[in-house]
Amino acid sequence: MGIKKKILCVAALALAALTLAACGGGGSSTGGSGTGGSGKEGGTLLGAYAAFPDYLDPALSHTGEGWTAMYDTYIPLLTYAHANGAAGGKVIPGLAAGMPEVSDNGKTYALKLRKGLKYSNGEPVVASDFTHSLERVYLLNSSGSPFYDDIVGAEEFSKTKVGGISGVETDDKTGAITIHLTRPRGTFENELALPFVALLPAKTPDEDLSADPPPATGPYAITSSKPGAGWEYERNPQWAKANGKLMPQIPSGHVDKIKIQVLRNPQTEVNEVESGSLDWMANQVPPDRYQDVLSKYEGTQFRVEPTVSTYFFWMNTTVAPFDDVKVRQAVNYAIDPRALERIYSGRLEGSQQILPLGMPGGKKLNLYPHDVGKAKELIAEANPGDREITVWTESEPPSNDVGAYYQGVLQELGFKVTLKVLGPDNYFTVIGNSSTPDLDTGWANWFEDYPHPNDFFQPLLAEESIAPTNGTNLARFADPQLSKKITELGEEPLGAKQEAAYAQLDKEFMEQAPLAPYGSSTASTFVSDSIDLENVIFNPTFGQDLTSFEFK
């Protein structure tokens, strides 16, 4: 899940999938039943986001907002089950007729496209569309491209942008798709199920299509988009005719239309859900309304959702003062997770490790118990020459307050700090662009893309994830030995031995302290009285599943 898997996941699905199970909280810990059928069919769902997604283009979006928006529109060869909790982390066939046949010691994946699929514009889906969609990820410099670098020819194509990706073979007549890897990759099925490589028509332009989203293969199609303001869906006309019958594992949805508007003020969102003017708010209830909403509506209109997430401050390790490990360690000592728990009003559980406890390999670390005195000693030893720092955060509560807290921590350590607060629409796009000036340090979070610890190391800390645009390694941290360990562990099937190795890897990264993790959060689902809350699915990678919303 832009790097950010926002609280509406994720996971993040989504949603982090969204799995997403670390924090618990009030209400149902498993989400709704998602069975549907007891309410009304049809109608128009009115929803609101506090910010427009980073992108409304499946090749580019890497946030919870975007993935929630596109989960039911763009379907990859494989996809994630439309279910809550750990069940939602299961990879199932999507446009492919079955799971891949894996051979050549884990380096060759053979799939077959379902026959008769069509895009929402009526155009047939063909096997070679996968090749074009994959190449488009690289042509657009998507933050998702590192997931596919092990495909033969992908890294070379990422540099030259010409000649195609030789490791993909397709046959439009038979629907056969064969993918050759340079080495085994234990997470490859998970990554084939991510939105980045959802199939699009071959003639889809190699440009950001957020304002004019491409044709869909899922039950809903985005029919209009106004970046910054909102977007709308209607039922995909090809779903009832063809796709839905071919993919019965994917629900068809209950409502006929969905209209999403961007409401910048979360207080307004809460008021409108309470009054029934809105059916659903995608983002979190703001901290100062959280307990009131919880007490009034828990179990009827409001549910707390578990997530697998890490909230952290990144430090740019390529520039002073954060090129000095002692300064980075000092920041970790100076941050008090308990103070941040108070800022989040009970929606965050403080911790100081990269892997959240709900992720395999996640173990509680306490390398940096809160100690401002120790932090000041390390700063004195480092004696940084550059004491002017810019701290970045976004304006959506409580991230703005978290940024102000971090500013105060750094000031207490003797730095002169400028706080830069951006709107949430483009925050991760800006801080992921290496040409942005004064990228010293700032706030971020990460929700799982899939239930595997590699997802918290490769995007956030591997050398290959340092990119000029849409970068996810915000610390710009490059340690060849640790990056090699990420790669080697990623080749192995996940078991007890690998989980222990990932826990050790977490410790090794935290000793270098490129990040200052401070906790994992819960998410929430808040709907109007007209929506059947029990049936709303919260997938750990993709958040609220639009196909599960149903009027009473």
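Residues numbered from 1 in each chain as written. Predicted model: local features only at pLDDT ≥ 70, side-chain atom pairs only at ≥ 80, totals over all residues. Heavy atoms only, no water.

### Examining the side chain of Asn-283
Tracing the chain through its elements places Asn-283 in the loop between strand S11 (280-281) and helix H7 (287-297). Among the residues examined, Asn-283 registers a relative accessible area of 5% and is labelled buried. A polar contact of 3.0 Å, which involves the side chain of Asn-283, links it to the backbone nitrogen of Ala-50. In this structure the side chain of Asn-283 is engaged in a polar contact, spanning 2.9 Å, whose partner is the side chain of Glu-269. (Helix = DSSP H or I, 4+ residues; strand = E, 2+ residues; numbered from the N terminus. Buried < 20%, exposed > 50% of the residue type's maximum accessible area, 1.4 Å probe, protein only. Polar contact = N/O pair within 3.5 Å; in protein donor to acceptor, adjacent residues only side chain to side chain.)

### Some points on unusual backbone geometry
Backbone torsion omega between Ala-320 and Pro-321 reads 5 degrees, so that peptide bond is classified as cis. With an omega dihedral of 0 degrees, the bond running from Pro-397 to Pro-398 counts as a cis peptide bond. Turning to its location among the elements, Pro-398 is positioned in the loop between strand S15 (388-394) and helix H11 (399-412). One non-glycine residue, Asp-104, lies in the positive phi region at around 55 degrees. In this fold, Asp-104 is placed in the loop between strand S4 (101-103) and strand S5 (108-112). For Asp-104, a relative accessible area of 44% translates into the label partly exposed. Positive phi, normally seen in glycine, also occurs at Ser-345, with a value near 55 degrees. Here Ser-345 lies in the loop between helix H9 (337-343) and strand S14 (348-350).

### Some remarks on the layout of surface pockets
Estimates place the volume of the largest pocket at around 330 Å³. If you go around the largest pocket, you meet 21 residues; those closest to its centre are Ser-145, Ser-158, Glu-464, Ile-466 and Ala-467. Sorting the residues of the lining of the largest pocket by element identifies helix H2 (128-139) and helix H3 (154-160) as the ones contributing at least two each. For the lining of the largest pocket, the element with the most residues is H3, which contributes 3 residues. Looking at the lining of the largest pocket, its residues break down into 6 nonpolar, 10 polar and 5 charged. (1 Å grid on protein atoms, 1.4 Å probe; cavity = no way out; pocket = protein on both sides within 12 Å on 5 of 7 lines; lining within 4 Å. Points joined across faces, edges and corners; volume = space filled by probe spheres on them. Nonpolar A, V, L, I, M, F, W, Y, C, P; charged D, E, K, R; others polar.)

Shape is all these values report; function is a separate question.
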